[in-house]
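# Summary of the model geometry
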Amino acid sequence: MQLKRQCSRSPSFQKKRTFEDVLENLQQANLMNINDCARDEINLEKRQLLLEEFKAGIWEVEEYRRKLKELDKDEACVVETPSRKRVQYSPDWDEIEPE
């Protein structure tokens, strides 16, 4: 009995992940991938539009290069939002003591 209590208190003891935790992690990973793809597609469209404007003579070479640098800075400033660490553990039945 004492050994079980000590094991449950030890920091190296890892709790089981629930099915909901696994689903939440998968959903977060999928959303991050979808957002990354959408962001890349938008950036590509912006670059193509800028190139077409340059070819049409709307921008000078120096202005075009400046705009490209601004787009690069905008892409570099994208910060990933930290994931929420909401963890719910399922108890092992051996750890639950009857009252």
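So, a few notes on the structure that sits alongside this text. (Residues numbered from 1 in each chain as written. Predicted model: local features only at pLDDT ≥ 70, side-chain atom pairs only at ≥ 80, totals over all residues. Heavy atoms only, no water.)

For the chain, the count of helices and strands is 3 helices and 0 strands. Secondary structure of the chain in N-to-C order comes out as α-α-α. Summarising the internal contacts of the chain: among those between residues at least 6 apart in sequence, 67% fall at separations of at least 24. On the chain, roughly 9,300 Å² of surface is accessible, and the fraction owed to carbon and sulfur atoms is 54%. (Helix = DSSP H or I, 4+ residues; strand = E, 2+ residues; numbered from the N terminus. Contact = heavy atoms within 4.5 Å. Areas by Shrake-Rupley, 256 points an atom, 1.4 Å probe, with all protein chains shown as cover.)

Attention now goes to a nonpolar patch on the surface. A cluster of nonpolar side chains, Phe19, Val22, Leu23 and Leu26, forms an exposed patch at the surface whose accessible area comes to about 390 Å². In this structure, leucine 26 sits in helix α2 (residues 19-55). (Patch = residues over 30% accessible without salt bridge, like charges linked within 9 Å, V, L, I, M, F, W, Y side chains within 5 Å. Salt bridge = Lys/Arg side-chain N within 4 Å of Asp/Glu carboxyl O.)

Taken N-terminus to C-terminus, the directions of α2 and helix α3 (residues 61-76) make an angle of 175 degrees; their axes are 10 Å apart at the nearest point. With respect to α3, the element α2 is oriented roughly antiparallel. The residues of α3 that touch α2, namely those facing Asn43, Lys46, Arg47, Leu50, Leu51 and Phe54, are Val61, Tyr64, Lys67, Leu68, Leu71, Asp72 and Glu75. Looking at the contact of α2 with α3 residue by residue, the class counts come to 7 nonpolar, 1 polar and 5 charged. (Axes fitted to C-alpha atoms, helices over the stretch in contact; angles between N-to-C directions. Parallel < 35°, antiparallel > 145°, perpendicular 65-115°, else oblique. Nonpolar A, V, L, I, M, F, W, Y, C, P; charged D, E, K, R; others polar.)

This paragraph deals with the packing of aromatic side chains. For the structure shown, the criterion picks out 1 aromatic pair. Consider the rings of phenylalanine 54 and tyrosine 64, whose centres lie 4.6 Å apart with planes at 25 degrees: the pair is stacked. With phenylalanine 54 in helix α2 and tyrosine 64 in helix α3, this pair connects stretches of sequence that are 10 residues apart. Tyrosine 64 sits in the buried class, given a relative accessible area of 15%. (Phe/Tyr/Trp six-rings, centres within 6.5 Å; stacked < 30°, edge-to-face > 60°. Buried < 20%, exposed > 50% of the residue type's maximum accessible area, 1.4 Å probe, protein only.)

The next thing to look at is α2. Relative to the 54 Å expected for 37 residues at 1.5 Å per residue, α2 spans 54 Å between its end C-alpha atoms, a close match to the ideal helical length. Listed as buried for α2 are Asp21, Glu24, Asn43 and Leu50. Looking at the buried side of α2, the elements it contacts are α3. Immediately downstream of α2, the backbone of glycine 57 shows phi near 90 degrees, a positive value. (Expected span 1.5 Å × (residues − 1).)

The next thing to look at is the pattern of salt bridges. In a structure, side chains of opposite charge can pair up when their charged atoms sit close to one another. Tallied over the full model, the rule gives 3 salt bridges. Between aspartate 36 and arginine 39 there is a salt bridge; the shortest N-O distance is 2.9 Å. Of the two residues, aspartate 36 and arginine 39 are both situated in helix α2; the distance of 3 residues between them amounts to about one turn of the helix. By relative accessible area, which is 25% here, aspartate 36 ends up partly exposed. Residue classification places arginine 39 among the partly exposed positions, given a relative accessible area of 27%. Measuring nitrogen to oxygen at the nearest pair gives 3.1 Å for the salt bridge that ties glutamate 70 to arginine 66. Here glutamate 70 and its partner arginine 66 are both found in helix α3, 4 residues apart, which amounts to about one turn of the helix. Residue glutamate 70 is classed as partly exposed on the basis of its relative accessible area, which comes to 35%.

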